[in-house]
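# Secondary and tertiary structure notes
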Amino acid sequence: MPNSSTSSPLQPETDEQAVPAHTLLELPLSYIRFLMGMFISRLGDSLFSFAIPWISYKLTQSSIVMGSMYAVSVLPIVLFGPVVGSMVDRWERKKLMIITDSSRALLVGLIPLLHFGGVLQLWHLYAISFVLTILSLMFDVSIVAIIPSLAPKQLTRANASYQLSNQIAELAGPLLAGVIIVAVGGFNTLWIDAVSFAGTLVVLMLMPSFSKPKPMASLPQIFKDIGEGFKWLIHSKINLSFSFQAMIGNFGYSAAFGVLMFYLLNTLHLNTQQSSINYTLLGFGGIIGSILAVPLESRFRRGTLIPVLLGIGTVGFLFASVSHFWLAPGIAFFAVTVCNVAWNTIVTSVRQETIPSDMIGRVLGFSRMLTRLAMPLGAMSGAALSEWTDPRAVFAVAAGAKILEVVIALITPIRKL
């Protein structure tokens, strides 16, 4: 993400340290327009994230299917992350984002189309989720790569604003989804998501190019690109530490989140509106985390802040593991999401400060492969635990993973940030 920044990778950039919270959105107009388009698209995504597990549950009544659906949605990142990273570095990023945005809209719309045609089967959901994840990975890595071009001197503020836009959408999405599903059904809800991709598409078409395309790569060149990204990552101790930390955390988070809908409907016996309120707390936590990231970073060393944030997330999951309160899962994920979003905002800024711009796709592609590696295993483990024992055990597993994240933050170069 970063161009080769001359600022120390272990400290926040000077202009960011003095940024008060109320200036969070004082960013270039082009970036504000980009955020507006992303908000519309992310709002649709949050409807999809709520509707798909709802549809899966109604079709099968199985936590195994729900967990495997979540696993399939992250498996492509493990399989194709480095290849996608090479594509992001070689292709013109604006065109790549336009192509992926349009393709995702068509795929989401295909689900209700197959349903109303009477031919939708479970494998269709698996296949579409698989391809959607590949396209979303291309789009998301491209976003991280272009942010330094849109707001080069305001990285933490720009990343926090992007997170804020996403989390507001995730807050509103489940509430809207609960109402819309009751009113028109889960499949019709997906039409809204398909249309929402137009928000990003319009903004992207009005923007200038973000990078110059490189010659099309042969298969050997792609493997060479992947090798360069891997070599860069393993020689950057701070970035490698972040990757391993996130990989462990993702295992625990996926174990809990992958069966969250099943836990709410089957164990707590909540209705659709109550379930949507629990999901809404995730979005609300993300908003708080994105707002707090800049002022927290301006007051505390990153090396101190990161383990504290992860420790608070641990407490959140422990609460859900011992409580029968119907809002306990939402409260737990609220605490975890506050900390995860703040952590992610800070870590993204460190990556943008330390990874050269022409390497960002390859390094992030490989890093995301590592960080997502444990997600399918976590999702399936959570599903198995929910079937075989007290479903609250998944929250204890997630808390244990958070504790390991704290340990990594304390014994690796992260502590020196």
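If you're wondering where the values come from, they're calculated on a predicted model, not measured in any experiment.

How each quantity is defined
- The numbering scheme is per chain: residues are counted from 1 as the chain's sequence reads.
- Under the rules for a predicted model, residues below a pLDDT of 70 receive no local features and side-chain atom pairs below 80 are neither given nor counted, while totals for whole chains, interfaces and linings still include all residues.
- The basis for the side-chain values is all heavy atoms of the structure; hydrogens and waters are excluded.
- In plain words, nonpolar cores are sets of buried Ala, Val, Leu, Ile, Met, Phe, Trp, Tyr and Cys residues tied together by side-chain atoms within 4.5 Å.
- Burial classification: accessible surface area is computed with a 1.4 Å probe over protein chains only, and a residue below 20% of its type maximum counts as buried, one above 50% as exposed, and the rest as partly exposed.
- Runs of H or I in DSSP of at least four residues are treated as helices and runs of E of at least two as strands, each being numbered from the N terminus.
- Start and end points for every domain follow an automatic or database-based domain assignment.
- Here a residue-residue contact requires only that any non-hydrogen atoms of the pair lie within 4.5 Å.
- The pairing test for Phe, Tyr and Trp rings, Trp by its six-membered ring, is centres within 6.5 Å, and the orientation test on the planes gives stacked under 30 degrees, edge-to-face over 60, and tilted for anything in between.
- Distance and angle both matter: a charge sits over a ring if NZ of Lys or CZ of Arg is within 6 Å of the ring centre and within 35 degrees of the ring normal.
- pLDDT runs from 0 to 100 and stands for how confident the predictor is about each residue.

### Topic: the nonpolar core
Membership of the largest hydrophobic core comes to 51 residues, with the highest contact counts inside it found for Ile111, Leu190, Phe317, Phe333 and Phe395. Per element, the largest residue contribution to this core is 8 residues, and it comes from helix H2 (residues 29-60). No fewer than three residues from each of domain 1 (29-216) and domain 2 (222-416) sit in this core. For Leu190, the residues in contact, after removing those within four places along its chain, are Phe48, Ala51, Ile52, Ile55, Val108, Ile111 and Pro112. Met87, Val88, Ile226 and Ile360 belong to the second largest nonpolar core, which has 23 residues in total.

### Quick notes on the packing of aromatic side chains
In total, this model carries 11 aromatic pairs according to the counting rule given. Ring centres of Phe242 and Trp343 lie 6.3 Å apart, and the angle between their planes is 85°; on these two criteria the pair is classed as edge-to-face. Separated by 101 residues along the polypeptide, Phe242 in helix H9 (residues 237-257) and Trp343 in helix H13 (residues 328-354) bring together distant segments of the chain. Note on accessibility: Phe242 and Trp343 belong to one class, buried. Ring centres of Phe325 and Trp326 lie 6.3 Å apart, and the angle between their planes is 65°; this geometry places the pair in the edge-to-face category. Phe325 sits in the partly exposed class, given a relative accessible area of 40%. A residue is classified by how much of its surface remains accessible, and Trp326, at 29% relative accessible area, is partly exposed. If you follow Arg104 out to its NZ or CZ, it ends over the ring of Phe139, 4.5 Å from the centre.

### A few points about the confidence of the model for the protein chain
On average, residues of the protein chain carry a pLDDT of 78, and 88% of them reach 70 or more. Per-element confidence in the protein chain ranges from a low mean pLDDT of 32 for helix H1 (residues 14-17) to a high of 91 for helix H16 (residues 393-411). The model gives residues 1-25 a pLDDT under 50, and that stretch makes 67 contacts with residues more than four places away or in other chains.

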